[in-house]
Amino acid sequence: MLPFAELDLLLLLLPDRRSSFKAFAVTLLIMYLAILRYMRWRYLRNLDAQTPHISDLRTAHAIHVDTIHRDQYFLARQGIEHGLVKTFAIPSISKLLSATGEFRRHTERRSEDVDLLVSEFLEHCPIDSSRARLAIRRMNAMHAKYKIANGDYVYVLCIFACQALMFIDKHGWRRIHKNEKIAVSYYS
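Rules and cut-offs
- Residues numbered from 1 in each chain as written.
- Predicted model: local features only at pLDDT ≥ 70, side-chain atom pairs only at ≥ 80, totals over all residues.
- Heavy atoms only, no water.
- Helix = DSSP H or I, 4+ residues; strand = E, 2+ residues; numbered from the N terminus.
- Buried < 20%, exposed > 50% of the residue type's maximum accessible area, 1.4 Å probe, protein only.
- Areas by Shrake-Rupley, 256 points an atom, 1.4 Å probe, with all protein chains shown as cover.
- Expected span 1.5 Å × (residues − 1).
- Contact = heavy atoms within 4.5 Å.
- Phe/Tyr/Trp six-rings, centres within 6.5 Å; stacked < 30°, edge-to-face > 60°.
- Core = buried A, V, L, I, M, F, W, Y, C linked by side-chain atoms within 4.5 Å.
- Arc of directions from axis to C-beta.
- pLDDT = per-residue confidence, 0-100.
- Salt bridge = Lys/Arg side-chain N within 4 Å of Asp/Glu carboxyl O.

### Comments concerning the overall build of the chain
Counting its secondary structure elements, the chain contains 10 helices and 0 strands. The linear arrangement of helices and strands in the chain, starting from the amino end, is α-α-α-α-α-α-α-α-α-α. Put simply, the chain has 188 residues, and 29% of those count as buried. Only carbon and sulfur atoms are counted for the fraction: they give 64% of the accessible area of the chain, which is about 13400 Å².

Given below as structure tokens:
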């Protein structure tokens, strides 16, 4: 059996596993960031070639999904949540939301229901997906029982379509590309 002093000396001569793990972790992080940067810039180069036209809803949908649900998901989500708060600034909308009590009594359920329905028609192109068309019909049916002015519908749609892009423009790693703005305006 080795005395303690010799054991300490032996341990000093062996490579430190913690430092090799740190080096490995730093190398992985650098590789991940390099791959991420390459993929993001490759996406932007491809976006230059994809100019959506008003008649091409599929291309607009693909660009919208890539921007909102893949490239900038967290910031888009934050922007939509800020947009939800902005809807309370309009007196007719806040009066209706207050009168129904949905945000007061069933906040989480209402948020999850809207999230599920909106995800269905944002993630699946309505041209191809019966699920997306069904989600849109369900959303319209949910709101049909209330007397909502057309201007309020348009305002909320614009807030949810534009607020995510404005939030990404302000806080994101890059500015929103003009084709992404065009795609969101066509698709929304």
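On we go.
### A closer look at helix α7 (residues 107-123)
Along its 17 residues, α7 runs 24 Å from first to last C-alpha, staying within 8% of the 24 Å computed at 1.5 Å per residue. Residues R110, L117, S119, E120, F121 and L122 constitute the buried set of α7. Close packing links the buried residues of α7 with α3 (57-71), α5 (91-100), α6 (102-105), α8 (130-144) and α10 (178-187).

### A closer look at the packing of aromatic side chains
Within the structure shown, the criterion is met by 1 aromatic pair. Ring plane angle 90 degrees and centroid distance 5.4 Å describe the contact between W41 and W173, whose orientation is recorded as edge-to-face. Taken together, the residues span a long stretch of sequence, with W41 in helix α2 (residues 17-49) and W173 in the loop between α9 (150-171) and α10 at a distance of 132 residues. Here W41 falls in the partly exposed class, since its relative accessible area comes to 39%. Overall, the relative accessible area of 31% leaves W173 in the partly exposed class.

### What to know about the nonpolar core
Most often, soluble globular proteins have nonpolar side chains that are buried together. Residues Y43, L47, I63, L117 and F121 are the most contacted members of the largest nonpolar core, which totals 14 residues. Looking at this core, the elements that each hand over two or more residues are α2, α3, α7, α8 and α10. A per-element tally of this core places α8 first, with 4 residues. Counting 10 residues, the second-largest nonpolar core is a separate cluster that includes I68, A76, A161 and I168.

### Here's the deal with α5
Listed as buried for α5 are I93, L97 and T100. Take α5 and look down its axis: the buried residues cluster within an arc of 70 degrees, on one side only. For α5, the exposed residues lying more than 90 degrees away from the buried face are P91, K95 and A99. Contacts from the buried residues of α5 go to α4 (73-87), α6, α7 and α9. Phi turns positive one or two residues past the end of α5, at G101, with a value near 75 degrees.

### Focus: the side chain of T67
Position of T67 relative to the elements: it lies in helix α3. With near-sequence residues (within four places) excluded, T67 lies in contact with Y43, Q72, I176 and E180.

### Topic: the environment of D128
Of note, D128 is situated in the loop between α7 and α8. Each C-alpha atom, one on D128 and one on R58, is 8.9 Å from the other, the two residues being 70 residues apart in sequence. Excluding residues within four positions of it along the chain, D128 makes contact with R58 and R133.

### Some words on the confidence of the model for the chain
This prediction gives the chain a mean pLDDT of 79; 86% of its residues lie at or above 70. Least confident of the elements in the chain is helix α1 (residues 4-13), whose mean pLDDT is 52; most confident is α9, at 87.

### A look at the pattern of salt bridges
A side chain of one charge can pair with a side chain of the opposite charge when the charged atoms of the two come close. Taken as a whole and assessed by the stated rule, the structure comprises 5 salt bridges. D169 is paired through a salt bridge with R175; the nearest N and O atoms lie 3.8 Å apart. For R175, a relative accessible area of 59% translates into the label exposed. Through salt bridges with shared partners, one network takes in R40, D71, R174 and E180.

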